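Chain residues, written in single-letter form:
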Protein chains: 2
Amino acid sequence: MKDVWNAMADPTRRAILTMLQNGDMTAGEISDKFDVSGATISHHLKILREAGLITSEKEKQTITYRLNITVFQDFLKGIAEAFGMKGENHEK
Amino acid sequence: MKDVWNAMADPTRRAILTMLQNGDMTAGEISDKFDVSGATISHHLKILREAGLITSEKEKQTITYRLNITVFQDFLKGIAEAFGMKGENHEK
DNA sequence: CAAGTATTTAGATATTCATCAAAATACTAA
DNA sequence: TTAGTATTTTGATGAATATCTAAATACTTG
């Protein structure tokens, strides 16, 4: 899950994940939403893909990206397990 | 919450947070658990403190650190709101 | 005061990382 | 084939970061 933490640490990548919740997008569509170069977005997409947070599917000329809900929810669950209320350490 | 994400991005800092769930610890006690220098741990503690994830209390010769449950739970809730429930939340 | 302990701060270094422009790859269309 | 579009890869650069040692701060005690 180290890769996921690393992937989530960047605000641009979190914004990409948020956008993908509303539906799949091509690399170009994602890139259009940001002020950084397409190369930079491609780099972010690669990190998200390697973390398993998104998947990509090559179509004719475009590559469509899709949120991988499962990995993301595992991440949330992992946080909850590691840090979620473990009980009894708030008395003093 | 940007600071919180940044603070959580480092594995040493996440380990510190996990340890503090079992009770307050002094800087020295925390430092003893890791193979890095006390100065480095102090640096990590500063970042966690600035993110609001921990608080510090000066005692006689030591400084005791304590997990700030509230900020951490707000962070979890923020993630859940931004990413957790896709499709079944109706906002106003 | 001087010495010892606990912790932080300062200064330096090495690595990681976000970014860009340019080149490369892959595909489509004329 | 040539040109054009979509995307990634490469190579470079500057900024951020984790780390160290050494010095500084703060506190306690003899």
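Above: the structure in question.
Just so it is clear, the model here is predicted, and its values are computed rather than measured. (Residues numbered from 1 in each chain as written. Chains lettered and ligands numbered in written order. Predicted model: local features only at pLDDT ≥ 70, side-chain atom pairs only at ≥ 80, totals over all residues. Heavy atoms only, no water.)

Student: Whenever I open this one, the interface of chain A and chain B confuses me. Can you help?
Tutor: The accessible area lost on association of the parts is a frequent measure of interface size. Between chain A and chain B, the contact holds 20 residues from the first and 20 residues from the second. Of the roughly 2,100 Å² buried where chain A meets chain B, counting both sides, 65% is carbon and sulfur surface. At the surface where chain A touches chain B, the tally comes to zero salt bridges. The interface formed by chain A and chain B contains zero residue pairs in polar contact (both at pLDDT 80 or more). Looking at the side of chain A that touches chain B, the elements that each hand over two or more residues are helix 1 (2–8), helix 2 (11–20) and helix 5 (69–83) of chain A. Looking at which element gives the most residues to the side of chain A that touches chain B, the answer is helix 5 of chain A, with eight residues. (Contact = heavy atoms within 4.5 Å. Buried area = accessible area lost by both parts, 1.4 Å probe. Salt bridge = Lys/Arg side-chain N within 4 Å of Asp/Glu carboxyl O. Polar contact = N/O pair within 3.5 Å; in protein donor to acceptor, adjacent residues only side chain to side chain. Helix = DSSP H or I, 4+ residues; strand = E, 2+ residues; numbered from the N terminus.)

Student: Even after reading the chapter, I still don't get the protein's contact with DNA strand C, so can you show me in this structure?
Tutor: In the vicinity of DNA strand C, 24 residues are found, and the nearest of them are Ser37(A), Thr40(A), His44(A), Gly28(B) and Tyr65(B). For DNA strand C, the fraction of protein-proximal atoms (within 4 Å) that sit in sugar or phosphate groups is 78%. The side chain of Arg13(A) places a nitrogen or oxygen atom 3.0 Å from a phosphate oxygen of DNA strand C. Between DNA strand C and Thr40(A) there is a distance of 2.9 Å, counted from a phosphate oxygen to a side-chain nitrogen or oxygen. Within the residue set of the surface near DNA strand C, elements represented by two or more residues are helix 4 (38–50) of chain A together with helix 3 (27–32), helix 4 (38–50) and strand 3 (63–67) of chain B. Of the residues forming the surface near DNA strand C, the biggest block, five residues, is contributed by helix 4 of chain A. Its residues placed into classes, the surface near DNA strand C shows seven nonpolar, 12 polar and five charged. (Near = heavy atom within 4 Å. Nonpolar A, V, L, I, M, F, W, Y, C, P; charged D, E, K, R; others polar.)

Student: Looking at this structure, I do not really get helix 2 of chain A. What am I missing?
Tutor: Each α-helix turn comprises 3.6 residues. Residues three or four places apart therefore point the same way. Those residues of helix 2 of chain A not exposed but buried are Arg13(A), Arg14(A), Ile16(A), Leu17(A), Met19(A) and Leu20(A). In this structure Asp10(A) caps helix 2 of chain A, since a side-chain oxygen of it lies 2.9 Å from the backbone nitrogen of Thr12(A). (Buried < 20%, exposed > 50% of the residue type's maximum accessible area, 1.4 Å probe, protein only.)

Student: Just to check I follow, could you spell out the sheet that holds strand 3 of chain B for this structure?
Tutor: Remark on secondary structure: sheet strands pair via backbone hydrogen bonds, oriented parallel or antiparallel. Residues and elements named next belong to chain B. Overall, antiparallel pairing links the three strands, which are arranged 1-3-2 in an open sheet. Of all strands in the sheet, those with a lone pairing partner are strand 1 (25–26) and strand 2 (54–58), marking the two edges. Bridge analysis of strand 1 against strand 3 gives two bridges, and the strand direction is antiparallel. Bridging across to strand 3, Met25 finds its partner in Tyr65. Across the sheet, helix 4 touches strand 2 and strand 3, and the angle it forms with strand 2 is around 115 degrees. (Pairing = 2+ DSSP bridges. Axes fitted to C-alpha atoms, helices over the stretch in contact; angles between N-to-C directions.)

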